[in-house]
Amino acid sequence: MKLAQISLNGKKRLGILTKNGLIDAAASPGGNALRTMEDVILGGEVALKNLRLFAESGTQPILENDICYLPCVTSPEKILCVGLNYVSHTSETKSEIPKYPVLFNKYNNALAAHHDVIRLPSAAEKFDYEAELVVVIGRETRDVTKEEALSCVFGYAPGNDLSARDLQSRTPQWMLGKTCDGFAPVGPFITTADEINPQSLKIECRVNGELRQSANTRDMIFDCATVISYVSRFMTLKPGDILFTGTPAGVILGMPKEKQQWLKPGDEVRVTIEKLGSLTNVMG
């Protein structure tokens, strides 16, 4: 099942994607209690069962022109990211293959939605895309084994770990170049975990229609279960926390300097992940 957070007539709503289009979960039995993605995550299997039944009810879909997408999750306690998690990306950036997951963070100010215009900050010049699989945590997770880790996942979504490379490289810490406003678009949908094998998904990025990245999540150095288990040894993951799991080769940073054409206002970036859909943003 695919779920989205949307704004409808100025009010936050939870949308369910059906074969006929997106329907408003507020009209479902108990829908008044399910107005946000966090409501569904906390509602667990009971909430998901009710939404699945409602999705089959034949409810009239919302007109596409009336939909304004919101970030899939609006109040995660943590936004964690994995760097250098594809061998191809370590090669293009001339980095060593890490022995442990390389972790950094973003903050809620970086969250953005499908179709949002991402305002590029005037304090930087070298803006880059990173197509990534995003994991959304479904329950409190502490010290889980790799074998148990995926049972803690609510769902998966396309994400773009936008980066200001000149800010990222200003110091040994990457954070400044990673968490500018709008630099963590996610969506448009979260696909529930029961439908997805996260380690067998084709992932692509296109800029103005031109293919820039193309790989498969099976190429990760540290798979999703390993990352979740590793992180949970040090901090408790909470429902609604999100993990960006790394990007494959094809980023601008990995190109020869004479071919590096950094993102600029007006550029459209589309991240597509098999079975999850496409996330599109225009730089502004």
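As a reminder, the structure under discussion sits directly above these lines.
Every value quoted in this text rests on a predicted model; they were computed, and no experiment measured them.

(A) View of the overall build of the protein. Regarding its fold elements, the protein presents five helices and 19 strands. Taken against the 2.2 N^0.38 rule, which gives 19 Å for 284 residues, the C-alpha radius of gyration of the protein at 18 Å falls within 12% of a compact globule. Among the 284 residues that make up the protein, the fraction classed as buried is 55%. Sequence-distant contacts in the protein: of pairs separated by 6 or more residues, those separated by 24 or more amount to 75%. If the 31 positive side-chain charges of the protein are averaged to one point and the 33 negative ones to another, these points end up 1 Å apart.

(B) Seen up close, helix 5 (residues 224-232). Counted residue by residue, helix 5 has eight buried out of nine residues, so it is predominantly covered. Considered for burial, the residues of helix 5 that qualify are C224, A225, V227, I228, S229, Y230, V231 and S232.

(C) Representation of helix 1 (residues 37-55). With 19 residues, helix 1 ought to run about 27 Å at 1.5 Å a step, yet its terminal C-alpha atoms sit only 16 Å apart, falling short of that. In helix 1, a bend of some 120° at G44 exceeds every other bend along the element. When we look at burial in helix 1, the residues that qualify are M37, E38, V40, I41, A47, L48, L51 and F54. Those residues of helix 1 hidden inside the fold are in contact with strand 1 (2-8), strand 2 (11-18), strand 3 (21-24), strand 10 (131-137), strand 11 (153-160) and strand 14 (190-192).

(D) Spatial organisation of the sheet that holds strand 8 (residues 117-118). One open sheet holds the five strands; their spatial order is 8-19-18-15-16, and the pairing between them is mixed. Across the chains shown, the open sheet's two edge strands, defined by having one partner strand only, are strand 8 and strand 16 (210-216). Across six bridges, the pairing between strand 15 (residues 202-207) and strand 16 is antiparallel. Looking at the pairing, C205 lines up with Q213 of strand 16.

(E) Quick peek at the pattern of salt bridges. Counted under the stated rule, the structure contains 16 salt bridges. For R165, the salt bridge is made with D128, and the minimal N-O distance between the two is 2.9 Å. On the criterion of sequence distance, the pair formed by R165 in helix 4 (residues 165-168) and D128 in strand 9 (residues 127-128) is long-range, its members being 37 residues apart. Both residues of the pair, R165 and D128, belong to the buried class. For the salt bridge of K178 with E130, the shortest nitrogen-to-oxygen distance reads 3.1 Å.

What counts and how
Residues numbered from 1 in each chain as written. Predicted model: local features only at pLDDT ≥ 70, side-chain atom pairs only at ≥ 80, totals over all residues. Heavy atoms only, no water. Helix = DSSP H or I, 4+ residues; strand = E, 2+ residues; numbered from the N terminus. Rg over C-alpha atoms; globule rule 2.2 N^0.38 Å. Buried < 20%, exposed > 50% of the residue type's maximum accessible area, 1.4 Å probe, protein only. Contact = heavy atoms within 4.5 Å. Lys, Arg positive; Asp, Glu negative; His and termini not counted. Charge placed at Lys NZ, Arg CZ, Asp CG, Glu CD. Expected span 1.5 Å × (residues − 1). Bend = angle between axes of the 7 residues up to and from the residue. Pairing = 2+ DSSP bridges. Salt bridge = Lys/Arg side-chain N within 4 Å of Asp/Glu carboxyl O.

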